[in-house]
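# Descriptive analysis of the structure
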Amino acid sequence: MTKEKKQIIISEIRYWKSNKLLPEHYCDFLITLYAQGEDPDEVVMKESSMLQKERRQLRTKQLMILFFSLLLAGVASAAMFMLNEYPAATLLTATVLSVFLLILASGKNFIKKGFAPFLYISMAFLLLMMSLKIWTAFFNGETSILIGLLVLNCVLWLFTGRLMKLLYFTISGSLGLLIIVGFLLLSF
């Protein structure tokens with residue numbers, strides 16, 4: 001049985017004991033049983049401190065993955081706009097990077113530990129930058145194509161948010177579409 005479940009069960013038995021839902025000696029027996037013969041207060045304290053340590057380690061890993069994925073996407077985006085002589089090569093590199101992030105994000109370990117959203121955000125940012133690079137490299141000055149690419153990105157974010165039940169993508173897609181519609185209404 002996991003540590004969290006034991007802690008929940010022991011706290012529930014203590015609740016029963018304090019509210020006299022079971023006789024006190026039954027509750028003491030159950031607490032001793034779930035604490036595996038150790039002092040229940042010490043077990044709960046030790047397990048809660050271990051859980052807090054595990055949560056801090058997980059949070060640190062999540063922040064590191066967020067930092068490195070955003071750094072990688074940022075470097076790739078900056079490289080796309082700084083290396084103007086090779087637009088196809090930079091777009092191909094960004095595409096390979098986003099496919100790599102997608103494969104990495106679809107792994108069970110990343111989904112289970114909650115790392116996947118960071119990679120999804122990095123991929124969305126990279127896709128937006130790729131769209132802007134396509135516009136600047138091949139269609140510079142064509143405002144209608146830029147608006148079309150931005151609408152395509154927003155629709156993709158909205159669709160992804162609804163499909164995967166990711167609120168931040170749904171909100172981003174909706175707000176992006178509203179901003180584009182507002183821009184179009186104000187410009188005409």
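Up top is the structure.
These remarks concern the structure in this document. Predicted model, so just to flag it, every value in this text is computed and none were measured. (Residues numbered from 1 in each chain as written. Predicted model: local features only at pLDDT ≥ 70, side-chain atom pairs only at ≥ 80, totals over all residues. Heavy atoms only, no water.)

## Structural notes on the environment of Phe81
- Assignment of secondary structure puts Phe81 in helix H3 (residues 40-82).
- Assessed through its relative accessible area of 31%, Phe81 is described here as partly exposed.
- Distance in space between the C-alpha atoms of Phe81 and Lys133 is 6.8 Å, their sequence separation being 52 residues.
- Setting aside chain neighbours within four positions, we find Phe81 in contact with Met129, Leu132, Lys133 and Thr136. (Helix = DSSP H or I, 4+ residues; strand = E, 2+ residues; numbered from the N terminus. Buried < 20%, exposed > 50% of the residue type's maximum accessible area, 1.4 Å probe, protein only. Contact = heavy atoms within 4.5 Å.)

## What about the packing of helix H7 (residues 143-164) against helix H8 (residues 167-187)?
- In contact at an axis separation of 7 Å, H7 and H8 are set at 150° when each is read in the N-to-C sense. In this view, H7 runs roughly antiparallel relative to H8, as classed from their interaxial angle. As for the relative orientation of H7 and H8, their crossing is left-handed in sense. Mapping the contact onto sequence places Ile147, Leu150, Val151, Cys154, Val155, Trp157, Leu158, Thr160, Gly161 and Arg162 in H7 and Phe169, Thr170, Ser172, Gly173, Ser174, Gly176, Leu177, Ile180, Phe183 and Leu184 in H8. (Axes fitted to C-alpha atoms, helices over the stretch in contact; angles between N-to-C directions. Parallel < 35°, antiparallel > 145°, perpendicular 65-115°, else oblique. Left-handed = near helix turned anticlockwise from the far one by under 90°.)

## Describing the side chain of Ser122
- Position of Ser122 among the secondary structure elements: in helix H6 (residues 116-138).
- Assessed through its relative accessible area of 0%, Ser122 is described here as buried.
- Beyond its immediate stretch of four places on either side in the chain, Ser122 contacts Ser69, Leu70, Ala73 and Leu101.

## Thoughts on the pattern of salt bridges
- Scanning the model with the defined rule gives one salt bridge in all.
- In this structure, Lys17 and Asp28 form a salt bridge, with 2.4 Å as the shortest nitrogen-oxygen distance. Placement of the pair is Lys17 in helix H1 (residues 3-18) and Asp28 in helix H2 (residues 24-34), with a sequence separation of 11 residues.
- On the accessibility criterion, Asp28 (31% relative accessible area) is partly exposed. (Salt bridge = Lys/Arg side-chain N within 4 Å of Asp/Glu carboxyl O.)

## Regarding the nonpolar core
- By size, the foremost hydrophobic cluster in this structure holds 19 residues, and its most contacted members are Met80, Tyr120, Leu126, Met130 and Phe169.
- Breaking this core down by element, the ones donating at least two residues are H3, helix H4 (87-105) and H6.
- No other element matches the nine residues that H6 contributes to this core.
- If near-sequence neighbours (up to four positions away) are discounted, Met80 is found in contact with Thr90, Leu91, Ala94, Leu126, Met129, Met130 and Lys133. (Core = buried A, V, L, I, M, F, W, Y, C linked by side-chain atoms within 4.5 Å.)

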